[in-house]
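Summary of the model geometry
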Amino acid sequence: MTTVTEKTGSPRITSGSRPPSHFAGKPRHGEAIIKAVLRTAAIATILTTVGILIALFIPALSFFAEVPFWDFLFGTRWAPRFADASFGVLPLVTATLWTTGIALLVAVPFGLGAAILLSEYAKPNVRKVLKPLLEILAGVPTVVYGFFALQFVQATVFREWLQLPTGAFSVLAAGLVMGVMIIPTVASISEDAMSAVPSAMRQGSAALGANRMQTTLRVVFPAALSGIVAAIVLGISRAVGETMIVAIAAGNQARMVSNPLEQGQTMTGFIANAALGDSRVGSLEYNTLFAVGLLLFVITLAINFISIRFVRRFREAY
């Protein structure tokens, strides 16, 4: 190590050493406050989840004390308020699967197409206009979507224009409109994931002779796969948990749905229609709400666990 001392008597500077920081030894009250706030938010999130589980689990235990679990899970007739009550939840599950599947058939192609357009083809000025316009759909109240599905899609498009053999409600109308509602979620998150792919990968692909579409599908898309899957899974969670659209447009008749033109009651639709104060608190009818809610919670939790494992397995960092 060498030292250099100036003739003017200035302090000696030693090569390889670092001058002391201006903040060294000073208390950082702001940083401590931020850490405390973040820690409180994390703990509050965990406690909220535990509280939801407890609120669902205790009444559900009372329900399953009177209704066998297998009869609830695999029964094909749902009539909790009839004299000959039956508590088979499969009709609610099939309607939920129908609406969710139809919504994904709409949201995934259109959402990914919008993401590819915004990320790979649109100019910056065009992207600044198109993306906010697309995200406006996410701000529309779901009750508006529900009445749009009921009054326009079901009544006008299906029954008047297309003359389809359907009634006043259908899971098809609810699923289509719910898919439109999910498009901004899939498109926005997928576009963010694709934009995060380094430009060097696109340039390398172009240098090898690939056109823009080939680069998008064979280079950018696989590199952003984890983010795209996360967007799709988030869309599935929104579709499974959506309430107002299915409660308004899908119908309230719980039955095994075999045709998308039929009406059917989803799990969230049943909870919305049944939680109106008609059932006595603590009764078996009242506890059905918590049993269905617990099943819905478990399904959503399973979807999120699967997505987390998938994202961690295929995640790529650049």
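Residues numbered from 1 in each chain as written. Predicted model: local features only at pLDDT ≥ 70, side-chain atom pairs only at ≥ 80, totals over all residues. Heavy atoms only, no water.

What follows concerns the overall build of the chain. Secondary structure summary: the chain contains 12 helices and four strands in total. For 318 residues, the compact-globule estimate of 2.2 N^0.38 gives 20 Å, and the chain exceeds it by more than 25% at 27 Å. Principal-axis analysis of the C-alpha atoms gives the chain an extent of 105 × 50 × 30 Å. The burial tally for the chain puts 38% of its 318 residues in the buried class. Across the chain, every contact between residues at least 6 apart in sequence was considered, and the portion connecting residues at least 24 apart equals 68%. Put simply, the chain shows about 18500 Å² of open surface, and 66% of that area lies on carbon and sulfur atoms. With 24 positive and 15 negative side-chain charges, the chain shows a separation of 16 Å between the mean positions of the two kinds. (Helix = DSSP H or I, 4+ residues; strand = E, 2+ residues; numbered from the N terminus. Rg over C-alpha atoms; globule rule 2.2 N^0.38 Å. Buried < 20%, exposed > 50% of the residue type's maximum accessible area, 1.4 Å probe, protein only. Contact = heavy atoms within 4.5 Å. Areas by Shrake-Rupley, 256 points an atom, 1.4 Å probe, with all protein chains shown as cover. Lys, Arg positive; Asp, Glu negative; His and termini not counted. Charge placed at Lys NZ, Arg CZ, Asp CG, Glu CD.)

Let us now look at the nonpolar core. M178, I182 and M194 are the most contacted members of the largest nonpolar core, which totals 42 residues. Looking at this core, the elements with two or more residues in it are helix 3 (90–121), helix 5 (142–161), helix 6 (171–195), helix 8 (212–223), helix 9 (225–241) and helix 10 (244–249). With sequence-adjacent residues up to four places away left out, M178 is seen in contact with T99, T100, A103, A239, E242, I245 and V246. In this structure, F72, V233, M267 and A274 belong to the second largest nonpolar core, which totals 25 residues. (Core = buried A, V, L, I, M, F, W, Y, C linked by side-chain atoms within 4.5 Å.)

Another aspect to go through is the environment of I306. Examined against the element boundaries, I306 turns out to sit in helix 12 (residues 284–314). Given the relative accessible area of 60%, I306 is considered exposed. For I306 and V233, which are 73 residues apart along the polypeptide, the C-alpha to C-alpha distance reads 9.0 Å.

Mapped onto the secondary structure, P165 falls in the loop between helix 5 and helix 6. Put simply, P165 and E262 are 97 residues apart on the chain and 9.1 Å apart in space, counted from C-alpha to C-alpha.

On the surface, L117, Y121, V126, V129, L130, L133, I136, M213 and L217 cluster together into a nonpolar patch covering about 770 Å² of accessible area. Residue assignment for the nonpolar patch shows that the elements contributing at least two residues are helix 3, helix 4 (124–135) and helix 8. At four residues, helix 4 tops the list of elements feeding residues into the nonpolar patch. Inspection of the secondary structure assignment puts Y121 in helix 3. (Patch = residues over 30% accessible without salt bridge, like charges linked within 9 Å, V, L, I, M, F, W, Y side chains within 5 Å. Salt bridge = Lys/Arg side-chain N within 4 Å of Asp/Glu carboxyl O.)

All right, on to unusual backbone geometry then. One non-glycine residue with positive phi stands out, namely Q163, at about 55 degrees. If you trace the backbone, Q163 turns up in the loop between helix 5 and helix 6. Taking relative accessible area as the criterion, Q163 reaches 58% and is therefore assigned exposed.

This part covers the confidence of the model for the chain. For the chain, per-residue confidence averages 87 on the pLDDT scale, and 90% of positions sit at 70 or higher. Per-element averaging of pLDDT across the chain places strand 1 (residues 3–4) at the bottom with 46 and helix 5 at the top with 95. The low-confidence segment residues 1–11 (pLDDT under 50) makes 10 contacts with residues lying over four places distant or belonging to another chain. (pLDDT = per-residue confidence, 0-100.)

Another point: the side chain of Q263. Inspection of the secondary structure puts Q263 in the loop between helix 10 and helix 11 (267–274). We classify Q263 as buried; its relative accessible area is 18%. Here Q253 takes part through its side chain, which lies 3.2 Å from a polar atom of the side chain of Q263. (Polar contact = N/O pair within 3.5 Å; in protein donor to acceptor, adjacent residues only side chain to side chain.)

This model, assessed by the stated rule, comprises five salt bridges. Close ionic contact of D84 with R77 constitutes a salt bridge, the shortest N to O distance being 3.4 Å. Residue E191 pairs with K131 through a salt bridge whose shortest N-O separation is 2.7 Å. Within this pair, whereas E191 is found in helix 6, its partner K131 is found in helix 4, the two being separated by 60 residues in sequence.

Considering all chains together, one arrives at 13 aromatic pairs under this definition. An angle of 75 degrees between the planes, with centres 5.2 Å apart, marks the rings of F63 and F64 as edge-to-face. F63 gets classed as buried once you look at its relative accessible area, which sits at 0%. Taken together, a centroid distance of 5.1 Å and an interplanar angle of 90 degrees make the contact between W78 and F270 edge-to-face. Taken together, the positions of W78 in strand 3 (residues 78–79) and F270 in helix 11 put the pair 192 residues apart, joining distant regions of the chain. Each member of the pair, W78 together with F270, is buried. Feature note: the residues F63, F64, F69, W70, F72, F74, W78, F87 and F270 constitute an aromatic cluster, connected by ring pairs. (Phe/Tyr/Trp six-rings, centres within 6.5 Å; stacked < 30°, edge-to-face > 60°.)

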